[in-house]
There are 2 protein chains.
Amino acid sequence: MAVNRLTLGSRPDPASSEPVGFRPLYRQVKEVLVDRIARGAWRGGEAIPSEIEIAAELATSQGTVRKALDEMAAENLVVRRQGRGTFVARHDDARILFQFFKLAPDEGEPRFPESRVLRIGLAAADEAAARHLGLAPGTGVVELVRERSLGGRPAVFERIVLPAKPFAPLCDRPVPNNLYDLYATRFGVTIGRARERLKAVAAGPEESASLGVAPGAPLLLVDRIATAIDGRPAEWRISACRTDDLHYLSDLR
Amino acid sequence: MAVNRLTLGSRPDPASSEPVGFRPLYRQVKEVLVDRIARGAWRGGEAIPSEIEIAAELATSQGTVRKALDEMAAENLVVRRQGRGTFVARHDDARILFQFFKLAPDEGEPRFPESRVLRIGLAAADEAAARHLGLAPGTGVVELVRERSLGGRPAVFERIVLPAKPFAPLCDRPVPNNLYDLYATRFGVTIGRARERLKAVAAGPEESASLGVAPGAPLLLVDRIATAIDGRPAEWRISACRTDDLHYLSDLR
DNA sequence: CAGTGGTCTAGACCACATG
DNA sequence: ATGTGGTCTAGACCACTGT
């Protein structure tokens, strides 16, 4: 197995014309670890080696490894537990609820929604889908339309577009409620972050039928691009949300 | 002047019934520094003492002070610049745009909006305002209604409610475009974070007139409670936003 | 040049979890 | 008792900024 050679903190060649500037050691350590997680070296929930072991393997100090792991913990890639170890973060319902599902009832606790699939199948990426997912137009994609309910009442009508490679097998069996956990465990695609653009729109016929609101009623439209931890866009999702007794929570800090 | 006594990292009395658990030294250092900023020991943009000076004053190590300052930088309380020093964060337009103003044009760069005040005056807090601001109902509040434009076109119609203490003088002279900077420099209230709840609603008569949209057109309603760095709610703001060629940006990470 | 924050190291000890 | 991450310290050196 190849040894991980890390350049030292000091520049090896001061006259070099590298445009990268200075790359701290702890970022290189982080890069190695993120890459290993992205390649599935450990499963979600599994413990990674201890700081001391990683430090020994990469020939650096425990403090440097710690700084790398602290950054990864801040990005929700990893969970650290004193006395137990460092674990690859899982997309369990609690995390989804905290990080990715921002819709909550006006009164009462946030809950994870139930889902009902309305349509699923393969299609060719139109111009918008191709642009959002970084594909060539016409590339195969999986298209999934579903309805999500909170407290037994339909709340979200959404359309999800994924690259057929590697997600095509999704069409073959029932899809679970929690998709991001499935992406990670079955397809090795770990979603790291997402960017959402929100608009208020008038309900169209399909949305109004699904959500039980009048046509033209105001709905919150959430346009999300979710990105894997290797930085590649992995999912495009448009959700129309009822907000009569729900709201979208955004923390500014 | 009182000396800042910090407890050591080890528990002074293992049999003590203190419910606080363990309070790391660096958090106590942070607490001291946050408190000094909240009390206006340094103005926004001003440099605070160097790590070495703070460490000497509080009789701790540079590394501990650094950890405190790093956390404060992560919370946007402070800006650190290599070679120059550590500065109290200012609510300049760039920061507002990044942290608090999430509305951006669908095409083109985000910009800071212009504002036009429609009404300002003193009032008694109704039940909702009192609850949001942690006041007794009937307490005096400042109420400000304004219209904000992007690219010369009205985009946001908003109502802002503030405690009359200490904000009453706002009514006496023209209010600037950037309110959070004013809160900090003139009233010593530094906004640290905010929680926004979003809904899609139908435009009412006042909103539709101000924003130039049809009555009943869908608008994005943003209900914000902004909190000062000492943790107290300082502002309640409800904004109705046009989203035909704008969107609200939410980064999930 | 001196002074600042940033990185890296090494070691000691603490808090926590598990066996 | 052992091993994990968390805190704290001390010191060396690097990168950056201003004088």
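The rules behind the values
- Within every chain, residues take consecutive numbers counted from 1 along the sequence as written.
- Whichever chain is written first is A, and whichever ligand is written first is 1; the rest continue in order.
- With pLDDT at 70 or above as the cut-off, local features in this predicted model cover only qualifying residues; side-chain atom pairs require 80 or more to be listed or tallied, and sums for whole chains, interfaces and linings still use all residues.
- With hydrogens and water stripped out, all remaining heavy atoms of the structure feed into the side-chain values.
- One heavy atom within 4 Å of a molecule or strand is enough for the residue carrying it to be called near that molecule or strand.
- Here a polar contact is taken to be a pair of N or O atoms separated by no more than 3.5 Å, where protein atoms must pair a possible hydrogen donor with a possible acceptor and residues adjacent in sequence count only if both atoms sit in side chains.
- Here a strand is any run of E in DSSP of at least two residues, a helix any run of H or I of at least four, and the numbering for each starts at the N terminus.
- Amino acids outside the nonpolar list (Ala, Val, Leu, Ile, Met, Phe, Trp, Tyr, Cys, Pro) and the charged list (Asp, Glu, Lys, Arg) are all regarded as polar, and Gly is one of them.
- At least two DSSP bridges between two strands are needed for those strands to be called paired.
- Here, a salt bridge means any side-chain nitrogen of Lys or Arg that lies within 4 Å of a carboxyl oxygen of Asp or Glu.
- Where each domain begins and ends is defined by an automated method or by a domain database.
- Whether two residues are in contact is decided by their heavy atoms: any pair within 4.5 Å suffices.
- Accessibility here uses a 1.4 Å probe with only protein chains present; expressed as a share of the type maximum, an area under 20% marks a residue as buried, one over 50% as exposed, and anything in between as partly exposed.

A. Expanded view of the protein's contact with DNA strand D. Close to DNA strand D lie 22 residues; R66(A), Q82(A), L25(B), T60(B) and T64(B) are nearest. Looking at DNA strand D alone, sugar and phosphate atoms form 76% of those within 4 Å of the protein. Here a base nitrogen of DNA strand D and a backbone polar atom of G83(A) are 2.9 Å apart. At 2.5 Å, a side-chain N or O of T64(B) approaches a phosphate oxygen of DNA strand D. Elements supplying a minimum of two residues to the surface near DNA strand D: β2 (78-81) and β3 (85-88) of chain A together with α1 (25-38) and α3 (62-74) of chain B. Broken down by class, the residue content of the surface near DNA strand D amounts to four nonpolar, 10 polar and eight charged.

B. Region of the structure containing unusual backbone geometry. In this chain, K165(A) is followed by P166(A) through a cis amide linkage whose omega measures 10°. By secondary structure assignment, the location of P166(A) is in helix α6 (residues 164-167). With phi around 55°, A59(A) is a residue other than glycine that occupies positive phi space. Its place among the elements puts A59(A) in the loop between α2 (51-58) and α3 (62-74). Phi is positive for N76(B), close to 60°, though the residue is something other than glycine. Relative to the helices and strands, N76(B) is located in the loop between α3 and β2 (78-81).

C. Examining the pairing of strand β8 (residues 191-202) of chain B more closely. In the sheet, strand β11 (residues 246-252) of chain A pairs with β8(B) via five bridges, with the strands oriented antiparallel. Following the sheet pairing, D251(A) is matched in β8(B) by R195(B). With 11 bridges connecting them, β8(B) and strand β9 (residues 218-228) of chain B associate as antiparallel partners. By the bridge assignment for β9(B), R195(B) is matched with I225(B).

D. Representation of the pattern of salt bridges. All names here are of chain A. Taken as a whole and judged by the stated rule, the model has 50 salt bridges over all chains. Here E158 and R148 are joined by a salt bridge, their closest N and O atoms 3.7 Å apart. Of this pair, E158 sits in strand β7 (residues 153-163) while R148 sits in strand β6 (residues 140-150), and the two are 10 residues apart along the sequence. Three or more residues joined by partner-sharing salt bridges are found here, namely R146, R148, E158, E235 and R237.

E. Region of interest: the domain arrangement of chain A. All names here are of chain A. Domain assignment breaks chain A into domain 1 (25-88) and domain 2 (93-248). For domain 1 and domain 2, the distance between their C-alpha centres works out to 31 Å. Counting residues at the interface gives five residues for domain 1, matched by four residues for domain 2. At the junction of domain 1 and domain 2, the tally comes to zero salt bridges. Broken down by class, the residue content of the side of domain 1 that touches domain 2 amounts to four nonpolar, one polar and no charged.

F. Inspection of the environment of R43(A) at higher detail. All names here are of chain A. With respect to the helices and strands, the residue R43 is situated in the loop between α1 (25-38) and β1 (47-48). The exposure class of R43 is exposed, given its relative accessible area of 66%. Here the alpha-carbon distance between R43 and A89, two residues 46 residues apart in the chain, equals 9.0 Å.

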